[in-house]
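# Secondary and tertiary structure notes
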Amino acid sequence: PHTGRLALYLLGLRATCPTPSPHRSLVTWLKYYLEEDWTGSRRHGHPLTNYYQYGLGVLALCVHHKRVREEVVQRLLTAQHHGRLRHGGNAVDTEAVVALAFTCLERRRLVGTELAAELRAAAHRAGSSMAKAQEPDGVIGNIYSTPWALQVFLATGMCQTEPAFAQAMAALLENLEAFSTAATMAQVLPVLHGHSYLDIASMHCKEEPDTLTPLNMEPLAEVPGNKTVQLVVECPLPWCYDLKLYDHLVPVPAAASLLDVLQTAAELEPHDFRFHTQETSQGPFLSQVLGLEARQEKRNYWQLLSAPDIPLEMGIADYRPRDKEILILRLSEW
């Protein structure tokens with residue numbers, strides 16, 4: 001199911017103040033996807049996509065003032081209660097999206113009084129959990145998860161009482177250059193203006209100016225020269241025949257991204273190195289390396305590391321390796 005992508009589209013559509021008719025069928029489709037998505041729980045114990053996309057779907061419906069069946073909400077409450085939202089590489093993102101969905105349903109009075117009280121308590125639990133997970137540098141989860149946590153603090157009112165809010169905001173302002181894609185900008189811009197995605201639901205569209213005008217962007221200046229990156233592929237899982245499956249130096253232009261490094265390695269040694277990606281709202285996602293596929297039902301993923309074990313906080317299309325840097329693609333479990 002295209003739960004997450006359609007949810008993001010509907011959130012963006014609502015923010016542009018559309019006329020009522022064009023998106024009605026899309027809202028109906030999102031309701032359908034939420035039900036289809038949950039069929040995965042009968043086999044895997046979680047949605048066919050993941051709790052992040054499922055929570056995003058509930059949030060989008062709420063922002064469009066659409067009621068959600070109580071059973072759908074209870075699924076997310078149960079998942080939070082049993083700690084299932086904390087599984088995976090984007091645990092803060094997932095908890096935050098679900099907390100925003102809970103707060104929206106409670107605030108818009110789209111659920112009964114008793115359930116609303118449960119949702120309010122669950123959202124505050126999520127906010128407290130994020131505050132406890134804050135790093136000494138103010139980041140919560142990673143720099144890209146931090147705007148999600150800040151949205152929760154803003155939506156629940158915890159921004160006025162939680163010290164973690166000011167520390168996380170300071171960390172965000174120091175790292176704004178990391179938000180270079182449309183998807184990451186969409187997460188950070190509301191926070192910089194003191195808003196969350198919940199505020200889309202109460203926009204007064206007649207007062208909104210038409211600001212969707214194109215900008216003449218100057219192309220990025222090319223960085224002269226070349227660099228060499230050491231690319232390593234590891235599989236520490238018990239069913240792999242060797243820990244280190246690939247270890248080669250890859251020469252690339254100085255401005256090359258990690259994705260460029262992978263593509264160059266595949267061109268130079270097509271028999272020794274191959275990879276596949278999947279397009280997501282956050283950019284290309286590394287799904288397969290050397291024939292080994294990262295699959296959610298197997299609970300594994302390709303972890304991106306700078307040697308020896310520093311996780312990369314950017315995707316393969318955004319990260320620009322340094323000269324002589326050792327980059328590790330490690331098949332890991334979550």
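Residues numbered from 1 in each chain as written. Predicted model: local features only at pLDDT ≥ 70, side-chain atom pairs only at ≥ 80, totals over all residues. Heavy atoms only, no water.

- As annotated in an unreviewed UniProt entry, the protein is Transcobalamin-2 from Sylvia borin.
- Comment text from UniProt for the protein, heading Sequence similarities (unreviewed entry), reads "Belongs to the eukaryotic cobalamin transport proteins family."
- UniProt, in the comment section headed Subunit (unreviewed entry), describes the protein in these words: "Interacts with CD320 (via LDL-receptor class A domains)." (UniProt positions renumbered as here; feature names shortened; annotations may be inferred.)

### Things to note about the sheet that holds strand β7 (residues 310-311)
- Strand order across the open sheet formed by five strands is β2-β1-β8-β6-β7, with mixed pairing between neighbours. Each edge of the open sheet carries a strand with a single partner, namely β2 (244-253) and β7.
- For strand β6 (residues 300-306) and β7, the ladder comprises two bridges, and the chain directions are antiparallel. Within the sheet, the bridge partner assigned to L305 lies in β7 and is P311. (Pairing = 2+ DSSP bridges. Helix = DSSP H or I, 4+ residues; strand = E, 2+ residues; numbered from the N terminus.)

### Notes on the pairing of β6
- Of all seven residues making up β6, six are buried, and the element is well covered by its neighbours.
- For β6 and strand β8 (residues 326-333), the ladder comprises seven bridges, and the chain directions are antiparallel. Residue pairing in the sheet places L304 in a bridge with L329 of β8.
- Two successive antiparallel strands, β6 and β7, enclose a turn made up of three residues. (Buried < 20%, exposed > 50% of the residue type's maximum accessible area, 1.4 Å probe, protein only.)

### Description of the state of the cysteines
- This structure, assessed with the given rule, holds one disulfide.
- Covalent S-S linkage joins C62 and C104, the inter-sulfur distance amounting to 2.0 Å. Taking the torsion about the sulfur-sulfur bond, which here is approximately -95°, the covalent link between C62 and C104 counts as left-handed. One end of the pair, C62, is in helix α4 (residues 51-63); the other, C104, is in helix α6 (residues 91-107), and 42 residues separate them in sequence.
- Overall, the relative accessible area of 0% leaves C62 in the buried class.
- Residue classification places C104 among the buried positions, given a relative accessible area of 1%. (Disulfide = S-S within 2.5 Å.)

### Points about the sheet that holds strand β5 (residues 292-293)
- An order of β3-β4-β5 is seen for the three strands of this open sheet, with the pairing classed as antiparallel. Because the sheet does not close on itself, it has two edges, and the strands there are β3 (275-280) and β5.
- Bridging between β3 and strand β4 (residues 283-289) involves six bridges; their strand directions are antiparallel. By the bridge assignment for β4, T280 is matched with G283.
- Across the face of the sheet, helix α11 (residues 258-268) comes into contact with β3 and β4 while running at roughly 145° to β3. (Contact = heavy atoms within 4.5 Å. Axes fitted to C-alpha atoms, helices over the stretch in contact; angles between N-to-C directions.)

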